[in-house]
Every structure is written in C-alpha cells, then in structure tokens.
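Below, each chain spelled out in residue letters.
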Amino acid sequence: MADKDLKHAPHTEAEFEEELEAVEEKANNELQLYALWGVITVVFNVVLFYVLYHMFGIEYQLANLIDWFLSVLFSFIVNKMFVFQHKTVSLTKEVATFYGTRVATYFIEALILWIGISLMGVNGTMTKIIGHGIALVANYFLSKWLVFKKD
C-alpha cells in the first residue's frame, strides 16, 4: 500500500464502517439507476422491435439488428451520464468498447430469438423480452468492468 493510501485508510472500526456504508450506498444507487434506465431502455428496445417487426413487417433478425443499434446508443448515453457518471478520456474508445461488449450480448439475444421464434414458434415480442432480459444482466457487468471502470 502506498503512503498516500495509508493517510486515507480508516484508522478505527467506526471509520471503516462509515466508509463501507458509503461504498454500499453508492453501489445501491448505481444499481437502482441501472435498473431504472435499464427498464426504460428495455421498453424503448421492445417497442422499437414491435414497430419494426409487427407494424412495418421487417424480418425479425433485421428488426432486432436495427433496434439493437439504436438501443445501444441510447443505453450508452444514459449509462455514461446518469448511471456510472463516467468522465471521458477518449469518447471514441469508450463508444467502441461499449458497442464491442454489446456485440456478444447481441448474438446471445439473436440466438434466443432464433430458438424461440424459428424453432419453437413462440411469440416474437415475448421471446424478445426474455432475450433482452438476459442481455441486460450481462451488459451491467460488462459496462461496470470494461467500459466505465474507474481508472
């Protein structure tokens, strides 16, 4: 541990508990904000998919790709500004990393759509909600650990 870390380290049990409570509160607030904006993003994602797939008749995988791209952009903006409140060193790198982490969860969601719709004949919107829910959980950890990590 560096000398400067020792100066800020808690010296008593009460100080340690106070710092621990502050960290827990920040983590809870972050999770609550992520959940709130996650729900808004899911609604945006599902409504856009519904409009593209059901109303415009766009093939479901293409509808999913279009709504994925726009939903990821929306998610990046709200996660950066409101959830993680991350200061940008390189916006281009940050956006590229964010989209890169979302590619993996996109393929997971696309696979779930294919299994649900093409193989099982399940309602497209319901399948979309399930796939996106799984992606949402994975996206939180990818954002926290890779994109908006504290330097």
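Analysis parameters
Residues numbered from 1 in each chain as written. Predicted model: local features only at pLDDT ≥ 70, side-chain atom pairs only at ≥ 80, totals over all residues. Heavy atoms only, no water. Helix = DSSP H or I, 4+ residues; strand = E, 2+ residues; numbered from the N terminus. Buried < 20%, exposed > 50% of the residue type's maximum accessible area, 1.4 Å probe, protein only. Contact = heavy atoms within 4.5 Å. Areas by Shrake-Rupley, 256 points an atom, 1.4 Å probe, with all protein chains shown as cover. pLDDT = per-residue confidence, 0-100. Core = buried A, V, L, I, M, F, W, Y, C linked by side-chain atoms within 4.5 Å. Phe/Tyr/Trp six-rings, centres within 6.5 Å; stacked < 30°, edge-to-face > 60°. Lys NZ or Arg CZ within 6 Å of the ring centre and 35° of its normal. Expected span 1.5 Å × (residues − 1). Bend = angle between axes of the 7 residues up to and from the residue. Polar contact = N/O pair within 3.5 Å; in protein donor to acceptor, adjacent residues only side chain to side chain. Axes fitted to C-alpha atoms, helices over the stretch in contact; angles between N-to-C directions. Left-handed = near helix turned anticlockwise from the far one by under 90°. Nonpolar A, V, L, I, M, F, W, Y, C, P; charged D, E, K, R; others polar. Parallel < 35°, antiparallel > 145°, perpendicular 65-115°, else oblique.

## Notes on the overall build of the chain
Next up, step 1: Across its full length, the chain carries five helices and zero strands.
Next up, step 2: Counting from the amino terminus, helix and strand elements in the chain follow one another as α-α-α-α-α.
Next up, step 3: The proportion of buried residues among the 151 residues of the chain is 32%.
Next up, step 4: Partitioning the contacts of the chain with sequence separation of at least 6, the portion at a separation of at least 24 is 67%.
Next up, step 5: Looking at the chain as shown, the accessible area adds up to about 9,600 Å², and 70% of this sits on carbon and sulfur atoms.

## Here's the deal with the confidence of the model for the chain
Next up, step 1: Counting all residues, the mean pLDDT for the chain is 82, and 81% of those residues have values of 70 or more.
Next up, step 2: In this model, residues 1–6 is a region of pLDDT below 50 whose contacts with residues beyond four sequence positions or in other chains number two contacts.

## Quick word on the nonpolar core
Next up, step 1: In terms of nonpolar packing, the biggest core is built from 13 residues, with Trp68, Val72, Phe84, Phe98 and Phe148 touching the most fellow members.
Next up, step 2: Those elements that place two or more of their residues in this core are helix 3 (60–83), helix 4 (91–119) and helix 5 (124–147).
Next up, step 3: Apart from the residues lying within four places of it in its own chain, the contact partners of Trp68 are Asn45, Tyr99, Arg102, Val103 and Tyr106.
Next up, step 4: Leu48, Phe49, Tyr60 and Ala63 belong to the second-largest nonpolar core, a separate cluster that totals seven residues.

## Quick word on the packing of aromatic side chains
Next up, step 1: Within this structure, the stated rule accounts for 17 aromatic pairs.
Next up, step 2: Summarising the aromatic geometry, the rings of Trp68 and Tyr99 are spaced 5.8 Å apart at their centres and angled 80 degrees between planes, so their arrangement reads as edge-to-face. Taken together, the residues span a long stretch of sequence, with Trp68 in helix 3 and Tyr99 in helix 4 at a distance of 31 residues.
Next up, step 3: Among the aromatic residues, those joined into a ring-pair cluster are Tyr34, Phe76, Phe84, Phe98, Tyr140, Phe141, Trp145 and Phe148.
Next up, step 4: Over the aromatic face of Phe98 sits the side chain of Arg102, whose NZ or CZ is 3.9 Å from the ring centroid.

## Thoughts on helix 4
Next up, step 1: Between its terminal C-alpha atoms helix 4 stretches 40 Å, which fits the 42 Å expected from 29 residues at 1.5 Å a residue.
Next up, step 2: If you look at helix 4, its biggest bend is around 25 degrees, right at Val103.
Next up, step 3: Among all positions of helix 4, only Glu94, Phe98, Tyr99, Thr101, Arg102, Thr105, Tyr106, Glu109, Ala110, Leu113, Gly116 and Ile117 are buried.
Next up, step 4: Note on helix 4: the residue one or two positions beyond its end, Gly121, has a positive phi of about 70 degrees.

## What to know about the side chain of Thr101
Next up, step 1: Position of Thr101 among the secondary structure elements: in helix 4.
Next up, step 2: Classification of Thr101 as buried rests on a relative accessible area of 8%.
Next up, step 3: At a separation of 2.8 Å, a polar atom in the side chain of Thr101 contacts the main-chain carbonyl oxygen of Phe98.
Next up, step 4: In this view, Thr101 contacts Leu142, Leu146 and Val147; residues no more than four positions away in its chain are not counted.

## As for the packing of helix 3 against helix 4
Next up, step 1: Orientation of helix 3 relative to helix 4, taken along the N-to-C sense of each, is 140 degrees, at an axis distance of 9 Å. Every pair of crossing elements has a handedness; the one defined by helix 3 and helix 4 is right-handed.
Next up, step 2: Split into classes, the residues belonging to the contact of helix 3 with helix 4 amount to 17 nonpolar, five polar and four charged.

## Here's the deal with the packing of helix 4 against helix 5
Describing two packed helices takes the angle between their axes plus the distance from one axis to the other.
Next up, step 1: Where helix 4 contacts helix 5, the axes come no closer than 9 Å and their chain directions differ by 155 degrees. On the basis of the axis angle, helix 4 is roughly antiparallel to helix 5. Every pair of crossing elements has a handedness; the one defined by helix 4 and helix 5 is right-handed.

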